[in-house]
Amino acid sequence: MATLVNSVSPLTNSSPETLRTACGLFSNVPNFHSFSQNKGFTRVLASTQITISPKDSVWTLSNWKVGRKDTRNRDIRLNDAFFHLEFIVRKGHKPDVAQATQLLYDLCKSNKMKKATRVMEMTIESGIIPDAASYTFLVNNLCKRGNIGYAMQLVEKMEENGCPTNTVTYNSLVRGLCKYGNLNQSLQLLDKLMRKGLVPNEFTHSFLLEAAYKERGVDEAMKLLDGIIAKGGKPNLVSYNVLLTGLCKEGRTEEAIQFFRDLPSKGFNPNVVSCNIILRSLCCEGRWEEANELVAEMDSEERSPSLVTYNILIGSLASHGRIQHAFQVLDEMMRASFQPSAATFNPIISHFCKEGKADLVVKCLDQMIHHCCNPNDGTFNAIAVLCEGGRVQRAFSIIQSLGNKQNSSTHDFYRGVISSLCRKGNTYPAFQLLYEMIQSGFVPDPYTYSSLIRGLCVEGMLDEALEIFRLLEENDYRPILGNFNALILGFCKSGRTDLSLEIFEMMILKGYTPNETTYTILVEGIAHEEEKELAAEVLKELYIRQVMRRNTVERLVMQYDLKGLPV
């Protein structure tokens with residue numbers, strides 16, 4: 001693994017002065033010492049001399065919609081437009097509402113959520129009340145990306161500024177917490193939102209039912225549905241489809257089929273989504289005759305197969321080795337005027353990779369690109385299967401060829417591939433391909449190393465994630481703070497906040513100055529271990545020491561329902 005970092009330029013070591021900053025920030029936090037001892041700590045958490053970084057300098061640029069279309073240039077223009085808006089507002093001028101709204105949308109699409117949120121704040125600061133559509137769009141995007149605390153904070157601020165809030169906005173919060181929180185938190189949030197005027201609808205119920213079956217099983221979800229109906233709630237077909245999915249996920253296919261057949265007695269005719277749920281389960285079990293009968297039934301009852309229907313069939317056939325049948329379904333799909341997607345081709349590519357048939361992989365990729373399907377995470381992870389058969393160089397040559405056909409720079413493309421593999425639990429192939437990338441001139445950046453660290457943590461290889469730091473330092477690369485934050489986050493998400501605090505201590509001793517993100521990760525880690533009182537005390541101390549901004553404290557208080565904080 002050491003070879004992977006040989007081409008990285010060394011960074012200058014920071015001043016030893018920072019080593020003297022570690023002292024007892026939390027010495028007066030009740031129960032923190034005992035928590036530390038119980039978790040295996042011997043030293044304190046942080047420094048007294050941490051301050052929030054000043055705002056970036058600003059500059060102006062022309063319209064971000066014009067110019068070259070590659071990713072790097074688009075990002076630069078987006079950032080310049082953001083700073084231009086910041087400059088306008090700071091000077092006391094009102095921005096063009098349409099332009100500010102479009103900038104918000106484009107920042108969300110580029111996953112620049114903090115900037116998008118700031119655009120909304122600046123719009124309000126300039127005296128403009130944003131429309132409900134843009135406000136709800138931002139809340140929804142924050143929730144989709146797991147930034148529930150930010151979304152809750154934004155809704156609170158919007159209400160204070162007289163911005164319209166509706167059931168769609170509130171439902172975004174409920175859905176986000178159902179996905180990234182737990183059922184109890186979701187139900188508590190629902191009660192709070194209902195007091196603010198939320199009228200639960202069928203979508204609200206569906207989010208709760210999905211959280212219930214994932215956390216407690218489908219039987220508990222059915223009890224929750226009975227309770228909703230008893231209180232006057234009126235679930236729709238979407239809610240029943242959620243329960244149908246739950247039964248299939250638990251392998252209860254026969255019960256799911258009976259539930260499917262009983263839907264008319266509940267007042268609903270199954271739709272194409274209902275059929276797809278059952279079809280996926282039948283195909284997964286290799287029950288092809290019944291699957292064909294269901295597809296024929298869909299045609300006869302005007303529930304026409306969708307793109308998802310065809311993708312289910314193609315994916316299942318390919319995974320069962322019935323590759324010729326998969327191609328027949330692909331041909332039939334295109335005759336039916338459906339545009340294939342990357343998800344259509346990825347199972348076929350994965351099958352050929354498992355078989356070691358790299359030439360057929362290339363042909364399939366050519367066909368995919370011919371149909372204007374851009375490769376995605378699933379494509380890269382399918383190609384990575386070649387690495388398992390010892391065909392690392394062949395896998396790399398295929399990825400290199402794909403990179404040459406993309407609009408983005410080679411560096412951005414390779415970095416994206418490594419990130420995709422690590423997100424999906426293919427960290428070892430990521431290391432193998434990274435070696436080949438380095439041989440061809442790619443220089444890994446801190447983001448790449450953070451992706452590898454997070455990937456190792458997700459796969460439970462915590463010792464190996466730590467080992468990366470030793471190897472980096474052996475090769476004269478000084479990890480940046482972001483690398484440490486990735487490691488601390490990975491340990492927290494693995495339920496080892498105790499070890500994450502030891503990493504924090506090691507970071508301090510090595511001369512790194514923690515930032516607000518570091519502290520936020522640790523507070524969230526403590527809160528996720530159900531140590532809410534301790535999390536609140538730690539957060540309070542951080543706020544008093546001016547290590548955390550008020551906005552961040554408010555967000556954490558709302559997201560984790562922390563008590564007794566001075567905000």
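Residues numbered from 1 in each chain as written. Predicted model: local features only at pLDDT ≥ 70, side-chain atom pairs only at ≥ 80, totals over all residues. Heavy atoms only, no water.

Draft legend 1. Quick peek at the overall build of the protein. Counting its secondary structure elements, the protein contains 30 helices and zero strands. Considering the protein as a whole, with its 567 residues, one finds that 50% of them fall into the buried category. Taken as a whole, the protein presents about 27100 Å² of accessible surface, with 50% of it coming from carbon and sulfur. (Helix = DSSP H or I, 4+ residues; strand = E, 2+ residues; numbered from the N terminus. Buried < 20%, exposed > 50% of the residue type's maximum accessible area, 1.4 Å probe, protein only. Areas by Shrake-Rupley, 256 points an atom, 1.4 Å probe, with all protein chains shown as cover.)

Draft legend 2. Inspection of the environment of asparagine 141 at higher detail. Relative to the helices and strands, asparagine 141 resides in helix α5 (residues 132–144). On the basis of relative accessibility, which here comes to 9%, the residue asparagine 141 falls in the buried class. Distance in space between the C-alpha atoms of asparagine 141 and tyrosine 105 is 9.6 Å, their sequence separation being 36 residues. With near-sequence residues (within four places) excluded, asparagine 141 lies in contact with Cys108 and Met113. (Contact = heavy atoms within 4.5 Å.)

Draft legend 3. Quick peek at the packing of aromatic side chains. By the definition in use, this model includes 14 aromatic pairs. Here the aromatic rings of tyrosine 414 and phenylalanine 442 are separated by 5.7 Å at their centres, their planes lie at 85°, and the arrangement is edge-to-face. Remark: phenylalanine 442 occurs in the loop between α23 (427–439) and α24 (446–458) and tyrosine 414 occurs in helix α22 (residues 410–423); sequence separation between them is 28 residues. Of the two residues, tyrosine 414 and phenylalanine 442, neither departs from the other in class, the shared state being buried. Relative to tyrosine 477, the ring of tyrosine 449 has its centre 5.1 Å away and its plane inclined at 50°; by these criteria the two rings are tilted. With a gap of 28 residues between them, tyrosine 449 in helix α24 and tyrosine 477 in the loop between α25 (462–474) and α26 (481–493) connect regions that are remote in the sequence. The buried category is assigned to tyrosine 477, whose relative accessible area is 4%. In textbook terms, an aromatic cluster arises when at least three aromatic residues are bridged by ring pairs, as seen for Phe380, Phe396, Phe413, Tyr414 and Phe442. Between the NZ or CZ atom of arginine 478 and the centre of the ring of tyrosine 512, over which it lies, the distance is 4.0 Å. Here the guanidinium or amino end of arginine 555 rests over the ring plane of tyrosine 150, the centre of that ring lying 4.0 Å away. (Phe/Tyr/Trp six-rings, centres within 6.5 Å; stacked < 30°, edge-to-face > 60°. Lys NZ or Arg CZ within 6 Å of the ring centre and 35° of its normal.)

Draft legend 4. Structural context of a positive patch on the surface. Together, Lys144, Arg145, Arg175 and Lys179 make up a positively charged patch on the protein surface. Tracing the sequence through the fold places lysine 179 in helix α7 (residues 167–180). Judged by its relative accessible area of 60%, lysine 179 falls in the exposed class. (Patch = residues over 30% accessible without salt bridge, like charges linked within 9 Å, V, L, I, M, F, W, Y side chains within 5 Å. Salt bridge = Lys/Arg side-chain N within 4 Å of Asp/Glu carboxyl O. Lys, Arg positive; Asp, Glu negative; His and termini not counted. Charge placed at Lys NZ, Arg CZ, Asp CG, Glu CD.)

Draft legend 5. Expanded view of α7. With 14 residues, α7 should cover 20 Å at 1.5 Å per step; its first-to-last C-alpha distance of 20 Å lies within 8% of that length. Of the positions making up α7, those classed as buried are Thr169, Tyr170, Asn171, Ser172, Leu173, Val174, Gly176, Leu177 and Cys178. In this structure, the buried side of α7 is in contact with α5, α6 (148–160), α8 (183–195) and α9 (202–216). (Expected span 1.5 Å × (residues − 1).)

Draft legend 6. Structural view of α8. With 13 residues, α8 extends 19 Å from end C-alpha to end C-alpha; this agrees with the ideal 18 Å at 1.5 Å per step. Along α8, the residues classified as buried are Leu183, Gln185, Ser186, Leu189, Leu190 and Leu193. Buried residues in α8, looked at end-on, bunch into an arc of 150°, giving them a common side. Here the buried face of α8 lies against α6, α7, α9 and α30 (550–560). One or two steps after α8, the chain reaches glycine 197, where phi turns positive at roughly 120°. (Arc of directions from axis to C-beta.)

Draft legend 7. Looking closely at the packing of α23 against α24. Across the interface, α23 lies against α24 with an axial gap of 9 Å and an inter-helix angle of 150°. Between α23 and α24, the angle is such that the two are roughly antiparallel. In terms of crossing hand, the pair formed by α23 and α24 is left-handed. Contacts from Thr427, Ala430, Phe431 and Leu434 of α23 reach α24 at Thr448, Leu452, Gly455 and Leu456. (Axes fitted to C-alpha atoms, helices over the stretch in contact; angles between N-to-C directions. Parallel < 35°, antiparallel > 145°, perpendicular 65-115°, else oblique. Left-handed = near helix turned anticlockwise from the far one by under 90°.)

Draft legend 8. Region of interest: the pattern of salt bridges. Per the stated rule, a full pass over the model turns up 28 salt bridges. Arginine 252 is paired through a salt bridge with aspartate 219; the nearest N and O atoms lie 3.0 Å apart. You can see arginine 252 sitting in the loop between α11 (237–249) and α12 (253–262) and its partner aspartate 219 sitting in helix α10 (residues 218–230), a full 33 residues away along the chain. A residue is classified by how much of its surface remains accessible, and aspartate 219, at 44% relative accessible area, is partly exposed. Across the salt bridge formed by arginine 545 and glutamate 541, the nearest N and O atoms sit 3.0 Å from each other. Through salt bridges with shared partners, a single ionic network connects Arg118, Glu121, Glu125 and Lys157.

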